[in-house]
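# Structural overview
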Amino acid sequence: MRKYIEIFKYSLKTKLAFIYNYLFSLFSFGIHVFVFNELWDYILKGKSIVGYTKTELIWYIIIAELVTYSSESTYKKIGSMVKQGDIANMLIKPIDIINYFIAESSSLIIKTIINIIFGIILGITLAGKIEITFMSAIITITAIVIGVIIGVLLQIFVGIIAFFTEENKSFWLILQKLSFFVVFTPPEFYPEIIQKILYFLPTTYLVYTPAKIFVNFELNGALKLLILEIVSAIFIYVIIRIMYNKGVEKINVNGG
């Protein structure tokens, strides 16, 4: 465990070295939210849609977006290591590669904290205040953290695909677009058959769980969503383990 903590600390120092570059990237976050604020303001004109007011929709987008913005291109790094053969060097080290990348990417939680602060300022400025309680805040933050972990696991999942296909960018684009289905519009906006498909996908709980809990808090519903989010994370982790073991076997059979 100690070595993974050191990996986390080193990764955090590296990210903090480029903090200003990240802060400027938040402008993109702000532009997205501003555009949808104007769009929903024009469409709704003070009304609500499928149970969401304009204020709730903007806060939903802010929470969902801040989770997706708390990511990095880990899949590219893993894919590059596989293609160049560097992954073989890590296999002989006394370290678990999956846990290594999880520890390295866990420093994104600091990035998420900055996102939350920026998101709150943006939300109050554009949409106004929204009613929250201590319980809803705690469960929302928990859901955000788990959402970030799911994002990390999805990056690793796509990276591991490189063991079998070498090129993995297209797979990441597919997963990214699936998550975008529920970033700007909740699943309730879609036809029933589409909703059923979305509720089945782990990518949905990446952003829907924290956003839904925050804007429409109800304890039983929140706990149900939180459990589904945790199950999604465990499911992805198990799939990663299976794929990783198969990939290592493939490397060993081919002599590295």
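What you are looking at is a predicted structure, and each value in this text was computed from that prediction instead of being measured. (Residues numbered from 1 in each chain as written. Predicted model: local features only at pLDDT ≥ 70, side-chain atom pairs only at ≥ 80, totals over all residues. Heavy atoms only, no water.)

### Description of the environment of I213
As a reminder of what qualifies: Every helix listed is a DSSP run of H or I at least four residues long, and every strand listed is a run of E at least two residues long, numbered separately from the N terminus. Any two residues having at least one pair of non-hydrogen atoms within 4.5 Å are treated as being in contact.
Mapped onto the secondary structure, I213 falls in helix 11 (residues 202–215). Expressed as a C-alpha distance, the spacing of I213 and S136, which sit 77 residues apart in the sequence, is 7.0 Å. When sequence neighbours within four positions are dropped, the list of residues in contact with I213 reads S136, I139, T140, A143, Y208, A222 and L225.

### Overview of the packing of helix 8 (residues 134–165) against helix 11
This is how it is decided: All axes here are fitted lines through C-alpha atoms, helices being fitted over the stretch that makes contact, and every angle between N-to-C directions spans 0 to 180 degrees. Note that the term roughly parallel is reserved for angles under 35 degrees, roughly antiparallel for angles over 145, roughly perpendicular for angles of 65 to 115, and oblique for everything else. Crossing handedness: left-handed means the near helix sits turned counterclockwise from the far one by under a right angle, and right-handed means the same turn made clockwise.
For the pair helix 8 and helix 11, the least separation of the axes is 8 Å and the interaxial angle reads 165°. With respect to their mutual orientation, helix 8 and helix 11 come out roughly antiparallel. Where helix 8 crosses over helix 11, the two elements pack in a sense that is left-handed. Mapping the contact onto sequence places S136, I139, T140, A143, I144, G147, I150, G151 and L154 in helix 8 and P202, T203, Y205, L206, T209, P210, I213 and F214 in helix 11.

### As for helix 7 (residues 108–126)
Given 3.6 residues per helical turn, the α-helix brings residues three or four places apart onto the same face. The cut-off we apply is this: For a helix, the expected span equals 1.5 Å multiplied by the number of residues minus one. Note on exposure labels: buried denotes an accessible area under 20% of the residue type's maximum, exposed denotes more than 50%, and partly exposed covers the range between, all computed with a 1.4 Å probe on protein chains only. Read the arc as the range of directions from the helix axis to the C-beta atoms.
Helix length check: helix 7, at 19 residues, gives a terminal C-alpha distance of 26 Å against a target of 27 Å (1.5 Å per residue), a fit within 8%. For helix 7, the set of buried residues is L108, T112, N115, G119, L122 and G123. Buried residues of helix 7, viewed axially, fall in a sector of 95°; they line one side. Along helix 7, exposed side chains directed more than 90 degrees from the buried face belong to I121 and T125. Positive phi shows up at G128, right after helix 7, with a value of about 95°.

### Let's talk about a nonpolar patch on the surface
To be explicit about the condition: Two joining distances apply to patches: 9 Å for like charges and 5 Å for nonpolar side chains (Val, Leu, Ile, Met, Phe, Trp, Tyr), and every residue must have over 30% relative accessible area and no salt bridge. All accessible-area figures derive from a Shrake-Rupley calculation using a 1.4 Å probe, and residue coverage is judged against the displayed protein chains alone. Any Lys or Arg side-chain nitrogen found within 4 Å of a carboxyl oxygen on Asp or Glu counts as a salt bridge.
Together, I109, I110, I113, I117 and I121 give the surface a local cluster of nonpolar side chains, amounting to about 410 Å² of exposed area. Inspection of the secondary structure puts I117 in helix 7.

### A word on helix 6 (residues 97–105)
Judged by how many residues are buried, helix 6 sits mostly within the fold: seven of nine residues are covered. Within the span of helix 6, buried status applies to I97, I98, Y100, F101, A103, E104 and S105.

### Re the packing of aromatic side chains
Defined as follows: Stacked, edge-to-face and tilted labels apply to pairs of Phe, Tyr and Trp rings (six-membered ring for Trp) whose centres lie within 6.5 Å, assigned for plane angles under 30 degrees, over 60, and everything in between, in that order. Charge-over-ring placement is defined geometrically: NZ (Lys) or CZ (Arg) within 6 Å of the ring centre, and within 35 degrees of the ring normal.
By the definition in use, this model includes 10 aromatic pairs. Geometrically, the ring pair formed by F181 and Y190 is tilted, given 5.8 Å between the ring centres and 55° between the ring planes. According to the relative accessible area criterion, F181 is partly exposed, its value standing at 38%. Look at Y199 and Y208: their rings are 6.0 Å apart centre to centre, the planes differ by 50°, and that puts the pair in the tilted class. Within the aromatic cluster, the residues linked to one another by ring pairs are W40, Y52, Y60, F189, Y199 and Y208. The positively charged end of K45 is found above the aromatic ring belonging to Y42, 4.3 Å away from the centroid.

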